Amino acid sequence: MKLFEPDIFSNSTNLFLESCLPEAEFILREYYGLKIVGPLMQSGGFEANSNNYRIPTNHGDVLLKRNWRTPEIFELQLQICDRLRVSGIEMPEIIKAQNGRYLVNIDGTLWCVSEFLDGHYFTGARDETERLLSFIIRLFETLEFYEEPDLPIIEFIDKGVLPILEQYGDSYLVEILEAVLSHASDWNKIGVTHIDLHPRNILIHSGQPYIIDFDSICLQSPEVSSSFAIVKLMRQYIVKNG
């Protein structure tokens with residue numbers, strides 16, 4: 001078993017290129033009132049599946065990322081992320097555009113800007129793991145009181161995760177997830193939850209875990225999503241510590 005690496009759900013894709021600099025300059029200037037004051041830098045501390053870029057501006061470093069989800073859904077997900085941050089859940093601050101919205105829609109491509117936080121992915125170290133487990137408990141306890149019927153409902157099993165994991169030879173995860181999913185039909189409670197907490201969606205900043213994935217807030221059984229998160233995160237812990 002190896003430490004977590006990008007898998008079928010988090011393959012690196014070239015979503016943002018240096019050639020996007022003029023577009024980035026336009027978005028930050030026209031919609032956020034920000035001026036780029038240095039070169040774009042690919043961020044090593046953020047999730048692997050969306051190649052976010054750190055951009056120095058006249059008001060500090062920010063992260064600009066783009067998305068192709070439904071605008072209404074993504075705006076709602078960003079609103080929820082900001083509510084979580086305000087309530088004490090550690091997340092980067094999402095910076096509102098000058099029109100008061102969390103995203104900018106340019107010809108169907110959605111853009112959002114957040115503060116940039118230095119850090120590293122969750123490594124599985126013991127001290128990180130203790131803080132992360134406490135963090136996950138606080139997160140799910142907070143989300144339990146959210147009611148957002150307009151969020152999409154995600155059926156975990158529809159991802160076809162077991163055949164994919166079998167293809168990649170991860171028998172350990174297959175065995176655990178089979179056990180989890182065998183009881184999924186008994187978990188009828190659907191609620192607001194984060195469906196993709198894995199090591200590369202957790203940033204350790206100044207020793208504290210932060211969620212850095214904004215568009216995985218959906219409706220699902222919290223038991224299923226939390227079990228998926230624990231399997232992925234504890235795999236990192238087991239491999240790291242033996």
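Given the structure is predicted, the values throughout are model-derived calculations rather than measurements.

(A) Local environment of the pattern of salt bridges. Per the stated rule, a full pass over the model turns up nine salt bridges. Between Asp215 and Arg69 there is a salt bridge whose closest N-O contact spans 3.2 Å. Pair noted here: Asp215 is in the loop between strand S10 (208-211) and strand S11 (217-220) and Arg69 is in the loop between strand S3 (60-67) and helix H2 (71-86), with a separation of 146 residues, a long-range link. The exposure class of Arg69 is partly exposed, given its relative accessible area of 38%. Where Glu90 meets Arg138, a salt bridge forms, and the shortest distance between an N and an O atom there is 2.7 Å. In this pair, Glu90 sits in the loop between H2 and strand S4 (94-95) while Arg138 sits in helix H3 (residues 126-143), placing the two residues 48 residues apart along the sequence.

(B) Examining the side chain of Thr57 more closely. Of note, Thr57 is situated in strand S2 (residues 53-57). Classification of Thr57 as buried rests on a relative accessible area of 6%. Reaching out from Thr57, the side chain makes a polar contact with the backbone oxygen of Gly60 at a distance of 2.6 Å. With near-sequence residues (within four places) excluded, Thr57 lies in contact with Leu28, Leu34, Lys35, Ile36, Val37 and Val62.

What counts, and at which threshold
Residues numbered from 1 in each chain as written. Predicted model: local features only at pLDDT ≥ 70, side-chain atom pairs only at ≥ 80, totals over all residues. Heavy atoms only, no water. Salt bridge = Lys/Arg side-chain N within 4 Å of Asp/Glu carboxyl O. Helix = DSSP H or I, 4+ residues; strand = E, 2+ residues; numbered from the N terminus. Buried < 20%, exposed > 50% of the residue type's maximum accessible area, 1.4 Å probe, protein only. Polar contact = N/O pair within 3.5 Å; in protein donor to acceptor, adjacent residues only side chain to side chain. Contact = heavy atoms within 4.5 Å.

It is worth stressing that arrangement in space is one thing and function is another; only the former is reported here.
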